[in-house]
Amino acid sequence: MLDPTRWTSLHARYKDDRPHRLLALDGGGIRGLITLGILERLEALLEERTGQSLPQYFDYIAGTSTGAIIAAGLARGLTVAQLVDFYTSCGEQMFESSKLWERVKFFYNADPLKAKLQEVFGAATDLSPENLKCLLLVVAKNVTTDSPWPISSNPDAKYNDPTRRDCNLRIPLWQLVRASTAAPVFFPPEILHWDANDPSKTFVFVDGGVTPHNNPAFLLYRMATEPAYRLNWRTGEDQLLLVSIGTGAA
């Protein structure tokens, strides 16, 4: 039984034991526009055949790097057209390779993406259920611990307990997206503070694409079904649909 005080606005959607649908989005820089092209067609088909949007149809959306931007946008309720506009207006800032002296500028100046990400996702928006249309998983790399860090919005996850001072749900969504897209060399890392009063809870993050989970499909499957992650969704072709969308190779 799901706790309605934890799941809040998502409780009605997830309280019943039923088949679920997962969507995994790869990293790949500006080639995220390829992912968006596929999603644009999928969005149109879903609207035509079911009357549902992408975050209404998919119960759990995961993304790494550029996929994290798209996944977070969908989970917030943005349309594919809005995300395409974001990419076409900010793609060069986010992903294009730069000359050496421009890399120095990126590394020492204020991150030019910060204000835009706050505008798109909301400066105060965190992973609390009331801020999202569906469950979300963002993959980044924790440089401090030298390990992949998949951060989920599942309200029942161990590190999402609201009584914890280092509850994952309190991390700003824009900052998680910034961490997942902080490509080494091109952009400075993102520093996240889980507990302002505990220095040991401050970590340095870079692009999730440098982890084994640039394609987060299997990770998403595990986090949806393994008991340790506290969703325990049932497996089987009649119980779980997993759609994985990549970014091509060029």
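In case you missed it, the structure is sitting above this.
Okay, so let's go over this structure. Everything numeric in this text was worked out from a predicted model, so none of it was measured. Along each chain, residues carry numbers from 1 onward, in the same order as the chain's sequence is written. Restriction of local features to residues with pLDDT of at least 70 applies here, the model being predicted, together with a cutoff of 80 or more for giving and counting side-chain atom pairs; totals for whole chains, interfaces and linings are based on all residues. Side-chain measures here rest on the full set of heavy atoms in the structure, leaving out hydrogens and waters.

## Focus on the packing of aromatic side chains
Centres within 6.5 Å are what make two rings of Phe, Tyr or Trp a pair, Trp counting through its six-membered ring; a difference in plane orientation under 30 degrees is then read as stacked, over 60 as edge-to-face, and the rest as tilted. Throughout the structure, instances matching the rule amount to eleven aromatic pairs. Between the aromatic rings of Trp 149 and Phe 203, the centroid separation amounts to 4.9 Å while the plane-to-plane angle is 50°, which identifies the pairing as tilted. Of this pair, Trp 149 sits in strand E4 (residues 147–152) while Phe 203 sits in strand E6 (residues 202–206), and the two are 54 residues apart along the sequence. For Trp 149, a relative accessible area of 23% puts it in the partly exposed group. Arranged with centres 5.7 Å apart and planes meeting at 35°, the rings of Trp 194 and Phe 205 form a pair that is tilted. Note that Trp 194 is positioned in the loop between strand E5 (190–193) and E6 and Phe 205 in strand E6, a separation of eleven residues in sequence. The burial state of Trp 194 is the same as that of Phe 205; both residues are buried. Among the aromatic residues, ring-to-ring pairing joins Trp 7, Tyr 14, Tyr 60 and Trp 233 into one connected group. Sitting over the ring of Tyr 57, Arg 21 keeps its end group 3.9 Å from the ring centre. Secondary structure elements are taken from DSSP: a helix is a run of H or I of four residues or more, a strand is a run of E of two residues or more, and numbering for both begins at the N terminus. Think of it in three bands: residues with accessible area under 20% of the maximum for their type are buried, residues over 50% are exposed, and the middle band is partly exposed, with areas taken using a 1.4 Å probe on protein chains only. Should the NZ of a Lys or the CZ of an Arg lie within 6 Å of a ring centre and within 35 degrees of the ring normal, that charge is described as sitting over the ring.

## A closer look at the state of the cysteines
Note on terminology: disulfide denotes any pair of cysteine sulfur atoms within 2.5 Å. If you walk through the whole model with that rule in mind, you get zero disulfides. With no disulfide partner, Cys 134 has as its closest neighbouring cysteine sulfur the one in Cys 167, 18 Å distant. A residue is classified by how much of its surface remains accessible, and Cys 134, at 0% relative accessible area, is buried.

## A word on the side chain of Glu 190
Within the element layout of this structure, Glu 190 appears in strand E5. There is a polar contact of 2.9 Å between the side chain of Glu 190 and the side chain of Gln 175. In what follows, residue pairs with any heavy atoms lying within 4.5 Å of each other are defined as contacts. Apart from the residues lying within four places of it in its own chain, the contact partners of Glu 190 are Trp 174, Gln 175, Arg 178, Ala 179, Ala 182, Phe 203, Val 204 and Phe 205. N or O atoms within 3.5 Å of each other form a polar contact, as long as, within protein, one can give a hydrogen and the other can take it, and as long as residues adjacent in sequence are counted only when both atoms are side-chain atoms.

## What to know about the packing of helix H5 (residues 66–76) against helix H9 (residues 173–180)
The axes used here are C-alpha line fits, helices contributing only the stretch in contact, and every angle between their N-to-C directions lies in the interval 0 to 180 degrees. Where H5 contacts H9, the two axes come as close as 9 Å, and the packing angle between them is 160°. With respect to each other, H5 and H9 are oriented roughly antiparallel. In this structure, H5 contributes Ala 68, Ile 69, Ala 72 and Arg 76 to the contact, and H9 contributes Leu 173, Val 177 and Ser 180. Residues are grouped as follows: Ala, Val, Leu, Ile, Met, Phe, Trp, Tyr, Cys and Pro are nonpolar; Asp, Glu, Lys and Arg are charged; all remaining types, including Gly, are polar. Partitioning the contact of H5 with H9 into residue classes produces five nonpolar, one polar and one charged. Should an angle fall under 35 degrees it is called roughly parallel, over 145 degrees roughly antiparallel, and 65 to 115 degrees roughly perpendicular, with every other angle called oblique.

## Brief notes about the pattern of salt bridges
Where charged atoms from two side chains of opposite charge come close, those side chains can pair. By convention in these notes, a salt bridge is any Lys or Arg side-chain nitrogen within 4 Å of a carboxyl oxygen on Asp or Glu. Summed over all chains, the structure comprises twelve salt bridges. Salt-bridge contacts for Lys 116 lead to Glu 119; the nearest nitrogen and oxygen are separated by 3.6 Å. Highlighted residues: Lys 116 and Glu 119, both in helix H8 (residues 114–121), separated by three residues, approximately one helical turn. Exposure remark for Lys 116: the relative accessible area of 23% places this residue in the partly exposed category. One salt-bridge network, in which partners are shared between bridges, spans Arg 6, Asp 156 and Asp 161.

The analysis is restricted to geometry; functional conclusions fall outside its scope.
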